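Each chain, written out:
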Amino acid sequence: EAYPEKNREIIKNHLRALFIQIAIKKSIAVPAKPKDDSSVSKTLPGQPEKSLPEFNREKFNEAALVVLAASTGVPIALETVIKNFPKDFKKPILVVQHMPPEFARLLAESLNRRCKMEVREAKEADRIEPGRILIAPGGRHMTVHKQDRFHKCIQLEDSPLVHGVRPAVDTLLQSIARNFRGEKILVVILTG
């Protein structure tokens, strides 16, 4: 073969997309949002019954923003983390999950049905507001920009891949560093 590296990368990307599609399809047929904390599972599917630590609001009180970054292999772990946020959590949450276009929307819809907070795919010029989880669209970088003196908003970019992925958390974090100067940001990295 003339381009074995390129062919391996193409196969790897197809397999990654297939894995994401399977994981999301498995999670789409779910009940409506839980009405209280007692109906939220605190274990991963197929794992032995063990509870996750209770949500500790004090750890988040000083953060102006929470960022969750997840590699391709961890949509279930991402769900487990997001389901622990209570409905009245008053910090904005931005999520970068490495996935191709269309899958981020399906993931956001699935998480919105399963979680207590509002979860949706980010759109251009969405305001970053407390109590909302915005997921970067597949295939686009998500960045933060000042809309005015008091508000920050989302900007979506089609700039080149970063470390072989788009969206990339590096791009988001660089924009946050420019626009949240002097504010505390909590960043959680989930890897497969």
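Structural data are supplied above this passage.
These numbers were taken from a predicted model, which means no experiment stands behind them.

Chemist: Sorry if this is basic, but what is going on with the environment of D88 here?
Modeler: Residue placement: D88 occurs in the loop between helix 2 (75–83) and strand 2 (93–97). For D88, a relative accessible area of 42% translates into the label partly exposed. For the pair D88 and M117, spaced 29 residues apart in the sequence, the C-alpha separation amounts to 7.7 Å.

Chemist: Any chance you could explain the pattern of salt bridges here in plain terms?
Modeler: It is possible for side chains of opposite charge to pair when their charged atoms get near one another. All told, the structure shown has 11 salt bridges when counted by the stated rule. The salt bridge involving R105 is made with E102; its shortest N-O contact spans 2.9 Å. Residue R105 is classed as partly exposed on the basis of its relative accessible area, which comes to 31%. Classification of E102 as partly exposed rests on a relative accessible area of 49%.

Chemist: Is there a simple way to think about the sheet that holds strand 1 (residues 65–70) in this case?
Modeler: Pairing between the strands of a sheet is mediated by backbone hydrogen bonds and can be parallel or antiparallel. Sheet architecture is open: five strands sit in the order 3-4-2-1-7, paired in parallel fashion. The strands lining the two open edges of the sheet, one partner per strand, are strand 3 (118–121) and strand 7 (185–190). Strand-to-strand twist of the sheet, defined as the mean angle between neighbouring strand axes without regard to direction, takes the value 20°. Bridge count for strand 3 against strand 4 (residues 132–135) is four bridges, and the pairing is parallel. Bridging from a neighbouring strand, R120 pairs with L134 of strand 4. Each of strand 1, strand 2, strand 3, strand 4 and strand 7 is contacted by helix 2, which is oriented at about 170° to strand 2, the strand it contacts most. With respect to the sheet, helix 4 (residues 169–179) is in contact with strand 1, strand 2 and strand 7, its orientation differing from that of strand 1 by roughly 165°.

Chemist: Explain helix 3 (residues 103–114) here, please?
Modeler: Residue pairs three or four apart in sequence face the same way in an α-helix, which turns once every 3.6 residues. Spanning 12 residues, helix 3 covers 17 Å between terminal C-alpha atoms, matching the ideal 16 Å at 1.5 Å per step. For helix 3, the full list of buried residues reads F103, A104, L107, A108, S110 and L111. Axial view of helix 3: buried residues confined to an arc of 165°, hence all on one face.

Chemist: Looking at this structure, how should I read the packing of helix 2 against helix 3?
Modeler: The description of two packed helices rests on the angle between their axes and on the distance between the axes. Closest axis-to-axis distance for the helix 2/helix 3 pair is 10 Å, and the angle between their directions is 35°. Handedness of the crossing formed by helix 2 with helix 3: right-handed. On the side of helix 2, the interface is formed by P75, L78, E79, I82 and K83, while helix 3 contributes L107, L111 and R114. Classifying every residue of the contact of helix 2 with helix 3 gives five nonpolar, no polar and three charged.

Chemist: So what exactly am I meant to see when it comes to the side chain of R132 here?
Modeler: If you trace the backbone, R132 turns up in strand 4. Judged by relative accessible area, which is 14%, R132 ranks as buried. At a separation of 3.2 Å, a polar atom in the side chain of R132 contacts the side chain of E129. The contact partners of R132, leaving out residues within four places of it in the chain, are K91, P92, I93, M117, E118, R120 and R127.

Chemist: What is the right way to read the packing of aromatic side chains from this model?
Modeler: The relative placement of two aromatic rings is captured by the distance of their centres and the angle of their planes. In the structure shown here, the tally under the stated rule is one aromatic pair. Here F85 and F89 contribute two aromatic rings whose centre-to-centre distance is 5.0 Å and whose plane-to-plane angle is 45°, an arrangement assigned as tilted. Since its relative accessible area comes to 2%, F85 is described here as buried. Since its relative accessible area comes to 2%, F89 is described here as buried. Stacked on the ring of F180, the Lys or Arg K152 has its end atom at 4.4 Å from the ring centre.

Chemist: Teacher, can you tell me more about the pairing of strand 1 here?
Modeler: In summary, the side chains of a regular strand alternate between the two faces of the sheet. The element strand 1 is extensively covered by neighbouring structure, given that six of its six residues are classed as buried. Along strand 1, one buried face is formed by L65, V67 and A69 and the opposite face, lined by V66, L68 and A70, is buried too. Judged from the six bridges that link them, strand 1 and strand 7 form a sheet pairing that is parallel. For V66, the partnering residue across the bridge sits in strand 7 and is L186. Where strand 1 and strand 2 come together, five bridges link them in parallel fashion. Each residue of the ladder has a partner; that of A69, found in strand 2, is V96.

What counts, and at which threshold
Residues numbered from 1 in each chain as written. Predicted model: local features only at pLDDT ≥ 70, side-chain atom pairs only at ≥ 80, totals over all residues. Heavy atoms only, no water. Helix = DSSP H or I, 4+ residues; strand = E, 2+ residues; numbered from the N terminus. Buried < 20%, exposed > 50% of the residue type's maximum accessible area, 1.4 Å probe, protein only. Salt bridge = Lys/Arg side-chain N within 4 Å of Asp/Glu carboxyl O. Pairing = 2+ DSSP bridges. Axes fitted to C-alpha atoms, helices over the stretch in contact; angles between N-to-C directions. Contact = heavy atoms within 4.5 Å. Expected span 1.5 Å × (residues − 1). Arc of directions from axis to C-beta. Left-handed = near helix turned anticlockwise from the far one by under 90°. Nonpolar A, V, L, I, M, F, W, Y, C, P; charged D, E, K, R; others polar. Polar contact = N/O pair within 3.5 Å; in protein donor to acceptor, adjacent residues only side chain to side chain. Phe/Tyr/Trp six-rings, centres within 6.5 Å; stacked < 30°, edge-to-face > 60°. Lys NZ or Arg CZ within 6 Å of the ring centre and 35° of its normal.

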